[in-house]
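# Architecture at a glance
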Amino acid sequence: MYCVNGKHFADLYRNKISGYADWCEQELGCGFYFNAANIGPYMSLDETCLSNGDVWTFLTNKDGHGGRGTLAAAIPGTKSDEIISILIGAMGKALRRKVREVTCDLSSSMMLIAAEALVARRRK
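Residues numbered from 1 in each chain as written. Predicted model: local features only at pLDDT ≥ 70, side-chain atom pairs only at ≥ 80, totals over all residues. Heavy atoms only, no water.

### Side note on the packing of helix 3 (residues 80-90) against helix 5 (residues 108-118)
The contact between helix 3 and helix 5 brings their axes to 9 Å, and the two run at 25°. Comparing the axis directions of helix 3 and helix 5 gives the class roughly parallel. The chirality of how helix 3 crosses helix 5 is right-handed. Across from Ser80, Ile83, Ile84, Leu87 and Ile88 in helix 3, the residues of helix 5 making contact are Ser109, Leu112, Ile113, Glu116, Ala117 and Leu118. Considered class by class, the residues forming the contact of helix 3 with helix 5 number eight nonpolar, two polar and one charged. (Axes fitted to C-alpha atoms, helices over the stretch in contact; angles between N-to-C directions. Helix = DSSP H or I, 4+ residues; strand = E, 2+ residues; numbered from the N terminus. Parallel < 35°, antiparallel > 145°, perpendicular 65-115°, else oblique. Left-handed = near helix turned anticlockwise from the far one by under 90°. Contact = heavy atoms within 4.5 Å. Nonpolar A, V, L, I, M, F, W, Y, C, P; charged D, E, K, R; others polar.)

Structure follows, in structure tokens:
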């Protein structure tokens, strides 16, 4: 409809726009990617199956609108207890309090991750 080659656009996004080529082995050396600078008040949490069958959980900042500063965390797997321990270990309490809202699907594991690791309970 828009005369855009999908494969070319996906390659362009991966190699130029997303900044994937700039990720070094040190960031993925521990098995996951985390960038505290991309944590904001409105976050999204979702899982995606990559081309080789690996399922990853992605935490993104909604204020980034898909551009630079959007990807906050990429963690392999979807097991809620593992994702929660990684996020709590990577994020301090003050950084977790910065998150006010998390958008996720109706998956019970995603809702548990959002409730336990991201949205800090506030006293009234």
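### Some remarks on helix 3
When helix 3 is considered as a whole, its buried residues turn out to be Ser80, Ile83, Ile84 and Leu87. The buried residues of helix 3 occupy one face: seen down the axis, they fall within an arc of 100°. Set apart from the buried face of helix 3 by more than 90 degrees, the exposed residues are Asp81 and Gly89. Packing partners of the buried residues in helix 3 comprise strand 3 (55-61), strand 4 (71-76) and helix 5. (Buried < 20%, exposed > 50% of the residue type's maximum accessible area, 1.4 Å probe, protein only. Arc of directions from axis to C-beta.)

### Quick notes on a nonpolar patch on the surface
Together, Tyr2, Val4, Phe9 and Leu12 give the surface a local cluster of nonpolar side chains, amounting to about 460 Å² of exposed area. Positionally, Tyr2 belongs in the segment before helix 1 (6-17). Taking the relative accessible area as the measure of exposure, Tyr2 reaches 67% and is therefore exposed. (Patch = residues over 30% accessible without salt bridge, like charges linked within 9 Å, V, L, I, M, F, W, Y side chains within 5 Å. Areas by Shrake-Rupley, 256 points an atom, 1.4 Å probe, with all protein chains shown as cover. Salt bridge = Lys/Arg side-chain N within 4 Å of Asp/Glu carboxyl O.)

### As for the nonpolar core
One finds Ile39, Leu45, Leu59, Leu87 and Leu118 to be the most contacted residues of the largest nonpolar core, which totals 20 residues. If you list the elements that add at least two residues to this core, you get strand 2 (42-49), strand 4, helix 3 and helix 5. With five residues, helix 5 is the single largest residue contributor to this core. Contact partners of Leu118, with chain neighbours within four places excluded, come to Leu45, Leu59, Leu87, Met91, Arg96, Val99, Val102 and Ile113. (Core = buried A, V, L, I, M, F, W, Y, C linked by side-chain atoms within 4.5 Å.)

### Notes on unusual backbone geometry
In this model, His65 sits at a positive phi of 55°, which is unusual for a non-glycine residue. Along the chain, the position of His65 falls in the loop between strand 3 and strand 4. Judged by its relative accessible area of 72%, His65 falls in the exposed class.

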